[in-house]
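One-letter residues, chain by chain:
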Amino acid sequence: MTTPDHETSTVATPKHAGVSRRTFLAGSAAAGIAVAGLEGILAARRAPAYAQGTRLNIVRWVDFIPACDVELKRQAVDASKALGAEVVFEFINANDLQARITAAMQSGAGPDIIQMLHNWPHLYANGLVDVSDLVAWQVKEQGALYPLSEANVKVGGKFLALPHGIVPGLIAYRKSWFDEIGATTFPKTYEELRQVSAKLKKKGKPYGQTLGHTFGDAPGWAYPLMWNYGGMEVDKSGKTAIDSKGTVDAVKFMTAFWKDGCDEGGLAWDDTNNNRAFLAGEICATLNGASIYIAAKRGQDKIKDEKGEPMVRDIQHARLPAGPAASSSYQASFHHGVMKYGKNQKLAKDFLQWLHGKEQFGKWFQVAEGFSIGSTKFWEQHPLWSTIDEPMKGFRTAADNSRVFGYAGAPSAKATEVYSKYVIVDMFAKGVQGTKPEDAAKWAAEELKKIYG
Amino acid sequence: MKKSIAGGSGSAAGLEAVLSHPGTSRPSGLTRFLESERLLAGILLAPTVVLLGMFIAYPFVMGVWLSLSSVSVGNPGEFVGLKNFIKAWNDSIFRTAFYNTFFYTFWATIFKLALGMWLALLLNRHFRGQRIVRAAMLLPFIVPTVLSTFAWRWMFDPTFSVLNWLLYQTGFITTKLPFLSDGTYGMWCAIVVNTWRGMPFFAISLLAGLQTISPDLQEAASLDGANGWHRFWHVTWPLLKPVTLVVVVFSIIQTFSDFQLIYVLTGGGPANATHLLATYAYQIGVATGLLGEGAAISLFMLPVLFIVVWLQLRYLRRLEGA
C-alpha cells in the first residue's frame, strides 16, 4: 500500500493547491518523464502557443453525483486559462458512450478525449493514442495502478487510456429492515442472502437487482455471481469454459433468488431504477455505487423512512456475498482515451495530465464523496476517508477483490464484445425467465464460441 | 443575340426586329448548347441526383459493402462474402428479432388501420369543435417519438407504473403487471405505443380520402335501403381502398424499420425479447462495433420490404386499372 507523501496532505487543502501542482510538475520533470507539456507552460508563465480558437472536446458520462460534473465544468474554465485553449466537457448517458465512440472512430471526427469504461480500450485499440508516457507519470506521482485499472487499459504492452477512477459497487441495504427479521449482520453467502431476501419479499420489501441491458449494475452483479460459483468465460488458455457446473449452479441460484427474494421488475431496470426504488422505500437492498447513500444524505430533508426519519441513517453497505468457489467482485473502472483522429493530441495529453494530477483530481475526488475512488491505492490514504460517514468507509478498499471481464483469460477485445452483447447478463435473465439453467449456460457457451472462436 | 435582346427589350415587335429568323442563319454552338432540353433537364435534375446520391445511394452502397466485409470499429476489415448473413441467420437473437419485426409490424399495422379508419369515419361527421378535435388528434404524431415514448416508459415503469397503480386501485389486479419486464408484455406494450403514435397518420390520410367521396353516393345507397355497414362496405371501402393501400404501405415501411420506439421503451430487453431488426443491428453494429455484422442484419429488412411494397403497388395498379 502506498503511503501518501507530504505533498498529498496538501493536495486536498485548497490553500496549498498551487504549491502542490508546481511541486508535482517539478517532480515529474526532475524524474525525466516524457511529458513536457504542462510544466513547460507553467514554467513559462504564459499560455502555450496553441492556435487561437483551439478547442478541446471531452465526452464523459452524466455522473450519478451531479456535483462531480459541476466540478469538472469549473475545472474546464481553469484548464482553458492554463492551456490557452478552450476546454469543453460534454456529458451523455453512459449507455450511449459506446455508440458515440463507434460513430466518432468511423467518421474520423469527434471529441478529442472520450471517457472509456471497463475494458473498452481493448475494443477500441485502433482508435486510441498510446498514453504510456502519461501513465508512467501518473504511476510516478500516485503509485501503482490497481490491477483492474491496469488490465483494462493495457493493450499489447501499451497503455491506451489513462485511468481516472473507479466507481465501486457495494450492496446498499436498509439496516433496520434486516434487523427486524433477525439478520443483524449482512448475509455472508449467496444462499443466506436468498433466505433473508425471501423473508423481506414476503413483507413487500424485495431485493432489487437489474438484469437489463445496462452498463454498470447488471454486469456488476452477473459476472461475480458466475465467478463466485466457479464459472468463467474462458479458461487461462483462452478456451471457452462457460458451460460448466459452476455456471449452471450460479444460474440455478439466480433463478431461485429471483423468484423468492427479488423485485421481478428488475429485468427492465437500467442503472437508475434501483436508485429510485431504494430511495422510495420499495426495495430492501441493491448492488450499487455510493450514489444512493449520497443522494439520501444530500436530500435528507425529503428522503425519509417510514418512521419519518432521514433514510440515510438506516442505510448500510456490504460487500457481495461469497459463493462456493470465490469471493470476488467486479468494479467499474473509468479512463480517458485520447482519440487518434484528433488534431489536438498534444493538447489532449497536456489536459489529461492537468486533470489527473493530484490537485485537480483531489478536488474532484472530494466532491465525489466516495462515489468515485482513485485508480491507485494512493487515494485510499486521502484525508476524506477519516471524516467520511461510517457506512461509506467500505468503498475505500472495495476495488481490492475485483476481477476483470474475460476472467480467467487475459483481458481482450473479445471479452469487451461479450460484455457489449450482454451475454453473461442475458444468460441469467434467460434463467429467471424460465429457461433451464443448463440450457441458459449452453446458450451462453454458443454465443461465446462465436466470439472467441 | 444576347446583346440584341437586351437592347431591344420593351415590345415583341422590337424583339422580332432584332432576332434573326429561323433559317436565315445557323445558331451558334453556345446557343444550341444552352437551348438543349437535355442539358436543361440535366441541370434541373442535378441537385436532386446529388442529394439522392449522397444521402440515399452512397449510404446504401456503403451498407451493402459493409455487410459483405469484416469491418469493425477501427478495423478496415476485408471482403468476407455472405459470411455475415449466414452468421446472423444462425444467431438465435437475430431469429427472435426477425420474428419480432414481423409480429410487431403486423399487429401494429392492423390496429392502426382499424382504429385509424374508425377515427376517420367519426371525424368525417359534422359536429361542434370538429377542427379542434382534428388538430388535437394529430398530437401523438407531432410529438417527437423519443419524448412520447419516455412518457409511456414511465407509465409502464416496473416499480412506479401509474397504470399498475390505477388497475390496482380499481381492483382489476392484485399484483403488478410486468409491462416491460416480461418479453410478451413488453412486445405488446411496444405495439400499443406504436399504435397510439401511428393512428393519427392513418386517420388523417383516410379522412382526406373520405372527403373525396361524394355524399350523393351515400345518399343514393341510403335511398336504396342500405344500412350503415352496407354503405361502408359497398360504397366507402371500394373508393377508399387505393388511399388505404398507400397508407398501409407507408406504415409497413416505417413500422418494419422502427428503431426509436423500441430503443427508448425496452432497449430490446428483457434478454433480447423485444429486439427488432433495427435495434439489434444497432446493438451489434454501433454499440458493439461490429459494423459488418450490423449492416448484414439491417439489410435483411431490404428484400422483405421490397416484396411487400412490390406486391401492394402491383395490387394498387390493378385496382386503378379496373
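No experiment lies behind these values; they were computed from the predicted model shown.

Draft legend 1. Molecular detail of the overall build of chain A. Scanning chain A for helices and strands turns up 20 helices and eleven strands. The 453 residues of chain A split such that 58% are buried. In chain A, the share of contacts with a sequence separation of at least 24, taken over all contacts with a separation of at least 6, comes to 76%.

Draft legend 2. Quick look at the overall build of chain B. Secondary structure assignment for chain B yields 17 helices and zero strands. Taken against the 2.2 N^0.38 rule, which gives 20 Å for 322 residues, the C-alpha radius of gyration of chain B at 28 Å runs more than 25% over that of a compact globule. Taking the principal axes of the C-alpha coordinates as reference, chain B spans close to 95 × 70 × 35 Å. Out of the 322 residues belonging to chain B, those deemed buried represent 31%. The contacts of chain B with a sequence gap of at least 6 include a subset with a gap of at least 24, amounting to 68%.

Draft legend 3. Representation of the sheet that holds strand E9 (residues 285–288) of chain A. All names here are of chain A. Here we have four strands laid out as an open sheet, ordered E8-E9-E7-E10, and mixed in their pairing. Each edge of the sheet is formed by a strand with only one pairing partner; in this case those strands are strand E8 (207–208) and strand E10 (315–318). Relative to E9, E8 is paired through two bridges, and the arrangement is parallel. Across the sheet, the residue bridging to tyrosine 207 is alanine 285, located in E9.

Draft legend 4. View of the sheet that holds strand E6 (residues 162–167) of chain A. All names here are of chain A. If you walk across this open sheet you meet the five strands as E2-E1-E3-E11-E6, and the pairing is mixed. The open sheet has two free edges, formed respectively by strand E2 (86–92) and E6, since each of these has just one partner strand. On average, each strand axis in the sheet is inclined to that of its neighbour by 25 degrees, with strand direction left out of account. Pairing analysis gives two bridges linking strand E1 (residues 55–61) to strand E3 (residues 113–117), with the strands arranged parallel. Within E3, the residue paired with isoleucine 58 across the bridge is isoleucine 113.

Draft legend 5. Structural context of unusual backbone geometry. Across the junction of tyrosine 407 of chain A and alanine 408 of chain A, the peptide omega takes the value 10 degrees, indicating a cis bond. With respect to the helices and strands, the residue alanine 408 of chain A is situated in the loop between helix H17 (384–387) and helix H18 (413–420). Residue proline 270 of chain B is reached from glycine 269 of chain B by a cis peptide bond, and omega for that bond is 0 degrees. As for its position among the elements, proline 270 of chain B is in the loop between helix H14 (260–265) and helix H15 (277–287). Positive phi, normally seen in glycine, also occurs at glutamate 369 of chain A, with a value near 50 degrees.

Draft legend 6. Spotlight on the domain arrangement of chain A. By domain assignment, chain A separates into domain 1 (6–168 + 332–395) and domain 2 (170–330 + 421–452). Residues that form the side of domain 1 of chain A that touches domain 2 of chain A fall into these classes: eleven nonpolar, three polar and one charged.

Draft legend 7. Molecular detail of the environment of valine 153 of chain A. Residue and element names in this part refer to chain A. Along the chain, valine 153 falls in helix H8 (residues 147–153). We classify valine 153 as buried; it has 29 C-beta atoms within 10 Å. In this structure, the C-alpha to C-alpha distance between valine 153 and glutamate 282, residues 129 residues apart in sequence, is 38 Å. What valine 153 contacts, discounting residues up to four positions off in sequence, is Pro121, Phe159, Leu160, Ala161, Pro163 and His335.

Draft legend 8. The arrangement of helix H11 (residues 217–228) of chain A in detail. All names here are of chain A. Along its twelve residues, H11 runs 17 Å from first to last C-alpha, staying within 8% of the 16 Å computed at 1.5 Å per residue. Counting buried residues in H11 gives twelve out of twelve residues, a clear majority hidden from the surface. If you check which residues of H11 are buried, you get Asp217, Ala218, Pro219, Gly220, Trp221, Ala222, Tyr223, Pro224, Leu225, Met226, Trp227 and Asn228. Where the residues of H11 are buried, they touch helix H12 (245–261), helix H13 (273–279), E9, strand E11 (332–338), H18 and helix H19 (423–432). One or two steps after H11, the chain reaches glycine 230, where phi turns positive at roughly 100 degrees.

Draft legend 9. The arrangement of the packing of H15 of chain B against helix H16 (residues 291–299) of chain B in detail. Residues and elements named next belong to chain B. It is at 7 Å that the axes of H15 and H16 come closest, and there the two elements cross at 170 degrees. Considering their axes alone, H15 and H16 lie roughly antiparallel with respect to each other. For the pair H15 and H16, the contacting residues are Leu277, Ala278, Tyr280, Ala281, Tyr282, Ile284, Gly285 and Val286 in the first and Leu291, Glu293, Gly294, Ala295, Ile297 and Ser298 in the second. Split into classes, the residues belonging to the contact of H15 with H16 amount to ten nonpolar, three polar and one charged.

Draft legend 10. Structural detail: the pairing of E11 of chain A. Residues and elements named next belong to chain A. The element E11 is extensively covered by neighbouring structure, given that seven of its seven residues are classed as buried. Burial along E11 is two-sided: the face carrying Ala332, Phe334, His336 and Val338 and the face carrying Ser333, His335 and Gly337 are both buried. As judged from the five bridges shared by E3 and E11, these two strands associate in the antiparallel manner. Residue pairing in the sheet places methionine 116 in a bridge with histidine 335 of E11.

Conventions and cut-offs
Residues numbered from 1 in each chain as written. Chains lettered and ligands numbered in written order. Predicted model: local features only at pLDDT ≥ 70, side-chain atom pairs only at ≥ 80, totals over all residues. Helix = DSSP H or I, 4+ residues; strand = E, 2+ residues; numbered from the N terminus. Buried ≥ 20, exposed ≤ 12 C-beta atoms within 10 Å, placed from the backbone. Contact = placed C-beta atoms within 7 Å. Rg over C-alpha atoms; globule rule 2.2 N^0.38 Å. Pairing = 2+ DSSP bridges. Axes fitted to C-alpha atoms, helices over the stretch in contact; angles between N-to-C directions. Domains from an automatic or database assignment. Nonpolar A, V, L, I, M, F, W, Y, C, P; charged D, E, K, R; others polar. Expected span 1.5 Å × (residues − 1). Parallel < 35°, antiparallel > 145°, perpendicular 65-115°, else oblique.

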